[in-house]
Amino acid sequence: MLSDEFLRQLIDVGEVDLLVAVPTQNRAATIGNAVQAVRLGLLNIFPRERAVLLLADTGSRDGSMKLAMEASSATFAGTKLQSLRTFHALTAECGGGADAPSFSHLLLATADLLRARACAVIAPSENVTPEWIGRLLAPIYRKNFDLALPLYRRHKFDGLLLRLLLYPMVSAVCGKKIHEPYCTDFGFSCRVGEELLLNEKFPRTTDEESGAELLLVLSAVMNGFRPCEVFLGAKEDGRSTTDLVPALRQTVGTLFSFLDANSTAWTAINGSEAVPIESGALEITTEPTRINPHRMFAMFRSGVHDLHEILSSVLSPRTLAELTACANQSKELFHFPDDLWARIIYEFAVSYHKSVISRDHIIQALAPLYRGKIYEFLVSNRQASAPEIEARVEAICAAFEQNKPYLLQLWNNKDGGTP
């Protein structure tokens, strides 16, 4: 599926040590900074290595690719840095339908054909610095890790989908405490690329890249590859957070689909372990913020009542009764136990696995329940310090881990429904 023109570019480059991919994707305001940061990082930290930059355009309409190409060859003001090897920039189109490869397949195929030992993906943003390149590539190139996953400086109420759902569930089912399993900046080894490409973990062509990053991380971890975490700094997320259901499709839908296809691997895992942090540490800030959670409570309460018929198909009678009682509480006395939350997510995963109703309807029905958990987290942690927030999230992880036997019981139940 790679074009003849792109294959000619690969032949001109030959084999490399390092590959850094930057998807352009309508980021004209930030693409120049990202590309310049990549070049400076490679010059500063890897001056002797053979390195290549892959600019993958996913249908930009704002001139992102042109700006990226200009940045890839521009001179650096005030610096005499010079690479000891020729710096190459490749360009390709992806994610455009039947005639273009998906970004994931383009990335893995390029890494394989160039025999790159270490690869990184950088999402364009103003926060990208040259140091990111070293932190994502060095653990793989110099220390034999297979995945370098990011830690970001986040406000205590940022990234709640990760903290309240993805991080706890991935930790419990995969056995690795990965704080950011759904990431847009990460590094991986040639071994990971070869495994995923060989087993065709990613479709060759697609118009939708939803969840590809999460799928790469899950696939690598479940195949026994070594992950580490690295601190990058502040996070500017270009992904939309205004519409919850698409976000759940990309993350929770991908996770549920992965569990469905890889049950032999994850059902054999017991417990979880911390992932080595190669640079920096997890950072949580507690500056004052204006967040009004009360609309979330109303949407949670109405959702539980309006979706009762759907929820009765997804949840066990015991869990649905506890959830309904939870929704009937007043705001002042509201409590959403971690144990109940873990059982809800596990029953949703099993119902998705068994397709008790439309899988997309299952994901949509989860949205109001998640809003209820958000409401409780926001209200109960309004005055919490950073260590208290971290402890609170770890308590949710513990609930998911303690309830994993319940997940296994449901998963192996052959009657097609939840008990």
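Reference entry: report on the structure contained in this document. All values derive from a computational prediction rather than experimental measurement. (Residues numbered from 1 in each chain as written. Predicted model: local features only at pLDDT ≥ 70, side-chain atom pairs only at ≥ 80, totals over all residues. Heavy atoms only, no water.)

A short note on the overall build of the protein chain
Stated formally: Secondary structure follows DSSP: runs of H or I at least 4 residues long count as helices, runs of E at least 2 residues long count as strands, and numbering of each begins at the N terminus. C-alpha atoms define the radius of gyration, and 2.2 Å times the number of residues to the power 0.38 defines the globule rule. Burial here depends on accessible area, computed with a 1.4 Å probe over protein chains only, as a share of the maximum for the residue type. Under 20% is buried, over 50% is exposed, and the range in between is partly exposed. A 1.4 Å probe and the Shrake-Rupley method give the accessible areas. Residues count as covered only by the protein chains that appear here. The charge count treats Lys and Arg as positive and Asp and Glu as negative. His and the chain ends do not count. Charge positions come from single atoms, namely NZ of Lys, CZ of Arg, CG of Asp or CD of Glu.
Scanning the protein chain from terminus to terminus reveals 17 helices and 11 strands. In terms of overall dimensions, the protein chain is globule-like: its C-alpha atoms have a radius of gyration of 22 Å, near the 22 Å expected for 419 residues. Taken over the C-alpha atoms alone, the protein chain extends approximately 65 × 45 × 40 Å along its principal axes. Across the 419 residues that make up the protein chain, the buried fraction comes to 53%. Here the protein chain has roughly 17800 Å² of accessible surface; of this, 50% comes from carbon and sulfur atoms. For the protein chain, the distance from the average site of its 41 positive side-chain charges to the average site of its 48 negative ones is 4 Å.

Considerations on the side chain of Asp-338
Put simply, the rule reads: For this analysis, a polar contact is any N or O atom pair within 3.5 Å, provided that within protein one partner can donate a hydrogen and the other can accept it, and provided that sequence-adjacent residues contribute only side-chain to side-chain pairs. Throughout, a contact is declared for two residues whenever any of their heavy atoms are within 4.5 Å.
If you trace the backbone, Asp-338 turns up in helix α14 (residues 338–354). For Asp-338, a relative accessible area of 15% translates into the label buried. In this structure the side chain of Asp-338 is engaged in a polar contact, spanning 2.9 Å, whose partner is the side chain of Arg-392. Excluding residues within four positions of it along the chain, Asp-338 makes contact with Lys-373, Arg-392, Ala-395, Ile-396 and Ala-399.

Thoughts on the pattern of salt bridges
Formally: We define a salt bridge as a side-chain nitrogen of Lys or Arg found within 4 Å of a carboxyl oxygen belonging to Asp or Glu.
Summed over all chains, the structure comprises 20 salt bridges. Arg-153 is the partner of Glu-283 in a salt bridge, and the nearest nitrogen-oxygen pair spans 2.8 Å. In this pair, Glu-283 sits in strand β11 (residues 283–285) while Arg-153 sits in strand β5 (residues 147–155), placing the two residues 130 residues apart along the sequence. What makes Glu-283 partly exposed here is its relative accessible area of 30%. Glu-273 serves as the salt-bridge partner of Lys-176, at 2.2 Å between the closest nitrogen and oxygen. Placement of Lys-176 in strand β6 (residues 176–177) and of Glu-273 in strand β9 (residues 273–274) is noted, with a sequence separation of 97 residues between them. Residues joined in a network through salt bridges with shared partners are Arg-318, Glu-322, Asp-339 and Arg-343.

Here we look at helix α13 (residues 317–327)
Stated formally: Directions from the helix axis toward the C-beta atoms define the arc.
Within the sequence span of α13, burial applies to Thr-319, Leu-320, Leu-323, Thr-324, Cys-326 and Ala-327. Here the buried residues of α13 occupy an arc of 155 degrees about the axis, which is enough to place them on one side. Looking at the buried side of α13, the elements it contacts are α11 (294–306), α12 (308–314), α14, α15 (359–380) and α17 (404–411).

All quantities given are derived from atomic positions and should not be read as evidence of function.
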